[in-house]
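# Chain and residue survey
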Amino acid sequence: MTVLGVPGNCLILRVYHAKRRQTTTHIFIMALAWADILACLLSILTAASQVMMLAGTPIPRAVDNAIVYIKAVPLTVSLFITVMIAIDRYDCTCRSLRRVLNQRRAKMAVLCSLVFSVLFSIPFVLGYVYPYNVVIQKTGIATQYLSFVMAVSSVTFCYGNVYWKIRQHVRVGVTESTATKAPPSNSTSETMSAAIVLRTQTVNVADRSLLGESSGGAASSSAPALDAWQPRETADAADTPRRVPPGRQLKGGRSLNANLQRKTTRMLFITSVVFLLTWLPYWIYLAVYMAALSGAQIDPAVFNVFLYLIYTVYVNNVVNPFIYGLANSRFRKDCLDVIRKLKRC
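Because the structure is a prediction, the values reported are computed rather than measured. (Residues numbered from 1 in each chain as written. Predicted model: local features only at pLDDT ≥ 70, side-chain atom pairs only at ≥ 80, totals over all residues. Heavy atoms only, no water.)

## Quick notes on the overall build of the protein chain
Across its full length, the protein chain carries eleven helices and zero strands. In sequence order, the protein chain lays out its α and β elements as α-α-α-α-α-α-α-α-α-α-α. Within the protein chain, buried positions represent 38% of all 345 residues. Of the contacts formed within the protein chain by residues at least 6 apart in sequence, a portion of 77% connects residues at least 24 apart. About 20200 Å² of surface is accessible on the protein chain, with carbon and sulfur atoms providing 67% of the total. (Helix = DSSP H or I, 4+ residues; strand = E, 2+ residues; numbered from the N terminus. Buried < 20%, exposed > 50% of the residue type's maximum accessible area, 1.4 Å probe, protein only. Contact = heavy atoms within 4.5 Å. Areas by Shrake-Rupley, 256 points an atom, 1.4 Å probe, with all protein chains shown as cover.)

## What about the packing of aromatic side chains?
As enumerated under the stated definition, the model contains 18 aromatic pairs in all. Both rings, one in Phe80 and one in Phe116, keep their centres 6.2 Å apart while their planes meet at 50°; by these two values the pair is tilted. Linking Phe80 in helix H3 (residues 61-94) with Phe116 in helix H4 (residues 103-129), this pair joins segments that are 36 residues apart in sequence. A relative accessible area of 9% means that Phe80 is categorised as buried. For the ring pair Tyr311 and Tyr314, a centre distance of 6.4 Å and an interplane angle of 25° mean the geometry is stacked. Its relative accessible area of 17% is what places Tyr314 among the buried residues. (Phe/Tyr/Trp six-rings, centres within 6.5 Å; stacked < 30°, edge-to-face > 60°.)

## As for the nonpolar core
By size, the foremost hydrophobic cluster in this structure holds 52 residues, and its most contacted members are Tyr16 and Tyr324. Ranked by residue count, the leading element in this core is helix H8 (residues 256-293), at eleven residues. For Tyr16, the residues in contact, after removing those within four places along its chain, are Gln22, His26, Ile29, Met30, Met267, Asn328 and Phe331. (Core = buried A, V, L, I, M, F, W, Y, C linked by side-chain atoms within 4.5 Å.)

## Concerning the UniProt feature "transmembrane region" (unreviewed entry) in the protein chain
Sites flagged by UniProt as "transmembrane region" (unreviewed entry) map to residues 27-48, 68-87, 108-130, 142-164, 267-285 and 305-327. The span residues 267-285 is 100% helix and 0% strand, and its two end C-alpha atoms sit 29 Å from each other. (UniProt positions renumbered as here; feature names shortened; annotations may be inferred.)

## What about the confidence of the model for the protein chain?
Of all residues in the protein chain, 74% have pLDDT values of 70 or greater, and the mean over the chain is 77. Ranking the elements of the protein chain by mean pLDDT puts helix H7 (residues 218-227) last, at 38, and H4 first, at 91. Residue range residues 185-254 is modelled with pLDDT below 50. Its contacts to residues more than four positions away, or to other chains, number 69 contacts. (pLDDT = per-residue confidence, 0-100.)

## Thoughts on the side chain of Gln144
Relative to the elements of secondary structure, Gln144 occurs in helix H5 (residues 134-179). When near neighbours in sequence (up to four residues on either side) are disregarded, Gln144 contacts Phe124, Tyr282, Trp283 and Leu286.

## A look at the side chain of Asp334
In this fold, Asp334 is placed in helix H11 (residues 329-344). A residue is classified by how much of its surface remains accessible, and Asp334, at 18% relative accessible area, is buried. Non-local contacts of Asp334, meaning those with residues more than four positions away in its chain, are made with Val15 and Lys19.

Right, dumping it as structure tokens:
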């Protein structure tokens, strides 16, 4: 896991840290990569403790408890960051004109996720320290299930609204692209006159800017004509698209920026789904364990099967670089550029 997870997540950090315009999406992706790197590195401690046990020199109980607690923190951080990514996608897509998140608030959200992870991990570690205290065991399981329900509900709500918003944009885009296909005008003289006026206004503004005059009067009235060719970009697009005139659109009336937003949303949605699937055996194991604590008769074979399946949670710390590479062509291109630069060194 460490062999694949650490280089892959370091590549994610290198690619997104090199972006000239950092966005909230980039901040959350890099925070998730840091959590995955820490989880992969801490797995070395688990392997070392198991080797010591096989060698007949087990580590002290206090050190073992500390390792369990430290390992639980980055795993819980990845849970909260996954929820924040879903909220960011909802804020970026469904509230593009009234955004709540910005770079400062995104960094604060990452810090709060770390603090909450430290607090949420305490009941889990107490259950590990006191394995025969039923009350502590049930409290730890209830706390973990609370975080699981919160994560599933948030991801479902946010991506559900994002899906319907994207579907609405697609319908509107197709309708507008069909409606704007008007028959060609026969008035060639009017078209030439409009072009001459626009050219004259452009030259006047350029002359005034070269002479150092203030942009008032006629200059301010002609500024919208120049800015009309500058497409309005959202403040937190996943990547910076090329600046193109409004006429430059993809098929179906979709703009380049909107298409990029959809691809980024799809990539992060797949990441969230894989996260929940890799954690599903662990939640089933907790349900079985809670039933056993409540007095239910559980077959030991079933219990042991889920006990081994809980290690699928560590798959999530490795798989994100592969998801980004398969779902995002720009990420693949950026990774190849980074690898080429490393070869030159």
